[in-house]
Amino acid sequence: ILLTPLQRRSDCRCKNAFYDYAKQDLDSTCGCEDGKYFDAAAESCKTCHAQAELCTWSGDTKKSLLPPTLVAGFWAAPAEEVSSFSGHSIWRCVSERTCQLGGECAKNRGGAACSLCKPGTYGPPDGECADCPRKPDDTRLQMALGSLAFIPVATLANSIIAKGSSGSFGSLQALRASIRQLVKYLQVLAVVGGFSVEWPPFMVAILNFFQQCSSYLPSLVLAGCLDSQQSVSTDMAFKWSLAPFALCLICMAALCSEITRSICIRWFSSRGSWIPKFGHWEIMRLFMWGLYLFFATLLSYGVELFTCSACPDGRLTVGNYPHMQCFKDSEWLKLMPFAILFTTLILAILFSAVTLARRSALRALIMSDMKELGYWSFFFEDYRPGYLYWQSMVLTKDTVINVLSIVAAGHGTVQLLLTACVAMCYTQVVLRKKPFACQANLAMEVATNTALSTICIFSAAMGFQNEPNTKDVTSLFENGAESPEYKNRALWTVAVQMAAAGAAVLVLLWQFCLMFPTTANRLPRSLRPLSAEERNFLEEHWQSSLGLPADSPMMEIIQLFDEIDQQTFRELLLSSTATITRTRRTGERSRVRNLHTSSINGHRGAERARLSALAAGRNSFISRNVFMLSDMTYFLSGRNDAVDTSVDAASDAEVGADAELRNHRE
């Protein structure tokens, strides 16, 4: 091909076997165009993996004759000879912190996809590996001695559960419930942190902190130093043995507790009763409590080897151990039966235990006239008596989120959006059913699940998710992660996470204030639970307003109302027009509604007059009886302020109308 002065050198083709793809550089060196590399074995230009390889030559096409540079987050074995290079066999790494630009491994890492720590080092699946501080034998001894510190913790946990099961909940019950809710939320957030998402750096630091206590737990306790070299088998054996090992420690704690209890009763009879019994039933109860509290983490251990995502060349590898090929690697095939067995046992044991415990709690409620939940109350003490099944709902939600990490592995968009849908649906059901016995626990459940759905939706909208054969979000910007637009997205994502954490902290602060009468009395009336005096006042008021005998079935039901029932019943009387009058004209309905709304705002005197005028002027449409306007709640709590006012209806004409109204209330 002859060149003219007007022709660009980069547009000139080489006359050879691959002239359809190759171009000529300024020094007459042939090469491939952008997006292609030279396959020396086939003597032709091949298309690069846009997601994993950098193939932009910027006019210097002779660079295309060398193996392409790998994008951070991917790894390939170095080419032995350039003259025989035929393309990379690319592996997807856990993240770009493990595999850096050009396929260079992080400190003390090696093997395929930089997935293995070198001998004598330990570390999590992502990031650098650190040197083991001791030899394997010394590490085993230290871990055995350190685990003995769990014995007093188990004894204390048994004491707390025993007090709850005996019905002595105390003022800390709601706070303990919120802490449990927060612990379970952080575990679910750690599962979401393992999705196929390129989180911003600050979010990575937050999620890694949560994962240190869940999927990265082996690195936290130096489990990788138990052997000469850390391996997948070592990590998984440690994770799967946590539950049986905890059961053994609970048995040791029970033995020590019973010995101490016997000595105290024998020598100090007056001081031995404060030590709770710690027999075989207590051992089972404490073990089930631990399985329930850490269910999301234990289930993630079981399904971890099932999270198989595709590499650029189609190879399926395990997410946290990308050097291991799913369905082909010999180590994966050996570990798979144990993973299936562990997952099945966790699900079967916990769901069966919750079902049997619910039956036992129902029997205890019947025998105690709806006052006690019985021996297994720790499963259900957070919930109202009519919602003992809610524990199964929570376990099902956590199971679904873990399953999403398997079925949509490698597809970050699907994982995030489906998780957000699950969290939003669950939040909607919680708001509708109100299953928690305390309003603060209800607020905590709504806050945590709303935060989870918001984080997932916002991360998907910002484009942080990974998808097969697509580049990460930083490639969309001219300066990558240093681009101001990317930093703004990362900043907004962190702000959403901080707002979610702030909501949970506010709920905990609310409950902390309720623990002390001085601070509780300063809270708004709507944030304080009903006292015994206030409950009695409401019951007496409803009895007189509705004309119910003290021994009527309706009064027995009202006396069993919990805090949520009291609030719902009061809102019904406040908002329903049926409690004011029955009218046939739309205009009158609107006027009655406006009167009712104004009365709630405190204008009692004016509303009595207007209501009387309405009743006198509409005798042809309204029942002949008198309508009462009364204060619903006026409690002398030291501040002499009117708390609530409302409009109640008296009974209709005769006994038949009164019976009809009572049926309507029921």
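Residues numbered from 1 in each chain as written. Predicted model: local features only at pLDDT ≥ 70, side-chain atom pairs only at ≥ 80, totals over all residues. Heavy atoms only, no water.

Points about the layout of surface pockets
Turning to step 1, where the next piece is worked out: In this structure, the second largest pocket encloses a volume near 1,300 Å³.
Turning to step 2, where the next piece is worked out: Taken together, the elements giving at least two residues each to the lining of the second largest pocket come down to helix H1 (136-147), helix H2 (150-165), helix H3 (173-193), helix H7 (242-267), helix H8 (280-293) and helix H9 (295-303).
Turning to step 3, where the next piece is worked out: Take the lining of the second largest pocket: its biggest share by element is nine residues, from H2.
Turning to step 4, where the next piece is worked out: Class assignment of the residues belonging to the lining of the second largest pocket gives a composition of 30 nonpolar, eight polar and three charged. (1 Å grid on protein atoms, 1.4 Å probe; cavity = no way out; pocket = protein on both sides within 12 Å on 5 of 7 lines; lining within 4 Å. Points joined across faces, edges and corners; volume = space filled by probe spheres on them. Helix = DSSP H or I, 4+ residues; strand = E, 2+ residues; numbered from the N terminus. Nonpolar A, V, L, I, M, F, W, Y, C, P; charged D, E, K, R; others polar.)

A word on unusual backbone geometry
Turning to step 1, where the next piece is worked out: For Glu43, which is not a glycine, the phi torsion comes out positive at approximately 50 degrees.
Turning to step 2, where the next piece is worked out: Its place among the elements puts Glu43 in the loop between strand E3 (36-39) and strand E4 (44-47).
Turning to step 3, where the next piece is worked out: Of note, the phi angle at Phe327 is positive, near 70 degrees, even though the residue is not glycine.
Turning to step 4, where the next piece is worked out: Tracing the backbone shows Phe327 in the loop between strand E14 (316-318) and helix H10 (330-367).
Turning to step 5, where the next piece is worked out: For Phe327, a relative accessible area of 57% corresponds to the exposed category. (Buried < 20%, exposed > 50% of the residue type's maximum accessible area, 1.4 Å probe, protein only.)

Notes on empty space enclosed by the protein
Turning to step 1, where the next piece is worked out: Scanning the model with the defined rule gives seven cavities of 30 Å³ or more in all.
Turning to step 2, where the next piece is worked out: Of the voids in this model, the largest cavity is the one considered here, and its volume is about 860 Å³.
Turning to step 3, where the next piece is worked out: Every residue lining the largest cavity is counted, 48 residues in all, and those nearest its centre are Val94, Gly194, Phe195, Ser196 and Asn320.
Turning to step 4, where the next piece is worked out: Residues that form the lining of the largest cavity fall into these classes: 16 nonpolar, 24 polar and eight charged.
Turning to step 5, where the next piece is worked out: Counted as a void, the second largest cavity has a volume near 170 Å³.
Turning to step 6, where the next piece is worked out: Elements supplying a minimum of two residues to the lining of the second largest cavity: H3, helix H11 (390-407) and helix H13 (439-462).
Turning to step 7, where the next piece is worked out: The leading source of residues in the lining of the second largest cavity is H3, at six residues.
Turning to step 8, where the next piece is worked out: Its residues assigned to classes, the lining of the second largest cavity comprises eight nonpolar, four polar and six charged.

Examining the nonpolar core
Turning to step 1, where the next piece is worked out: Counting residues in each nonpolar core, the largest one holds 51 residues, and the members touching the most others are Trp240, Leu291, Leu305, Phe379 and Phe380.
Turning to step 2, where the next piece is worked out: Contributing elements (two or more residues each) for this core: H2, helix H6 (232-240), H7, H8, H9 and H10.
Turning to step 3, where the next piece is worked out: Broken down by element, this core gets its largest block of residues, twelve residues, from H10.
Turning to step 4, where the next piece is worked out: In contact with Leu291, other than residues within four places in its own chain, are Ala243, Leu298, Ile346, Ile349 and Leu350.
Turning to step 5, where the next piece is worked out: Of all hydrophobic cores here, the second largest spans 32 residues; its members include Leu189, Val197, Met203 and Ala460. (Core = buried A, V, L, I, M, F, W, Y, C linked by side-chain atoms within 4.5 Å. Contact = heavy atoms within 4.5 Å.)

A closer look at the packing of aromatic side chains
Turning to step 1, where the next piece is worked out: Here the structure, examined in full by the defined rule, presents 17 aromatic pairs.
Turning to step 2, where the next piece is worked out: Ring centres of Tyr387 and Trp390 lie 6.5 Å apart, and the angle between their planes is 80 degrees; this geometry places the pair in the edge-to-face category. Here Tyr387 matches Trp390 in class, with each residue buried.
Turning to step 3, where the next piece is worked out: When the centroid spacing of 6.0 Å and the interplanar angle of 90 degrees are considered together, the rings of Phe464 and Tyr486 count as edge-to-face. Here Phe464, found in the loop between H13 and helix H14 (484-514), pairs with Tyr486, found in helix H14; they are 22 residues apart in sequence, far enough to count as distant. Neither Phe464 nor Tyr486 differs from the other in exposure class; each is buried.
Turning to step 4, where the next piece is worked out: The residue whose ring lies beneath Arg285 is Tyr375, and the NZ or CZ to ring-centre distance is 4.2 Å.
Turning to step 5, where the next piece is worked out: In this structure, Lys397 packs its charged tip against the face of Tyr426, placed 5.3 Å from the ring centre. (Phe/Tyr/Trp six-rings, centres within 6.5 Å; stacked < 30°, edge-to-face > 60°. Lys NZ or Arg CZ within 6 Å of the ring centre and 35° of its normal.)

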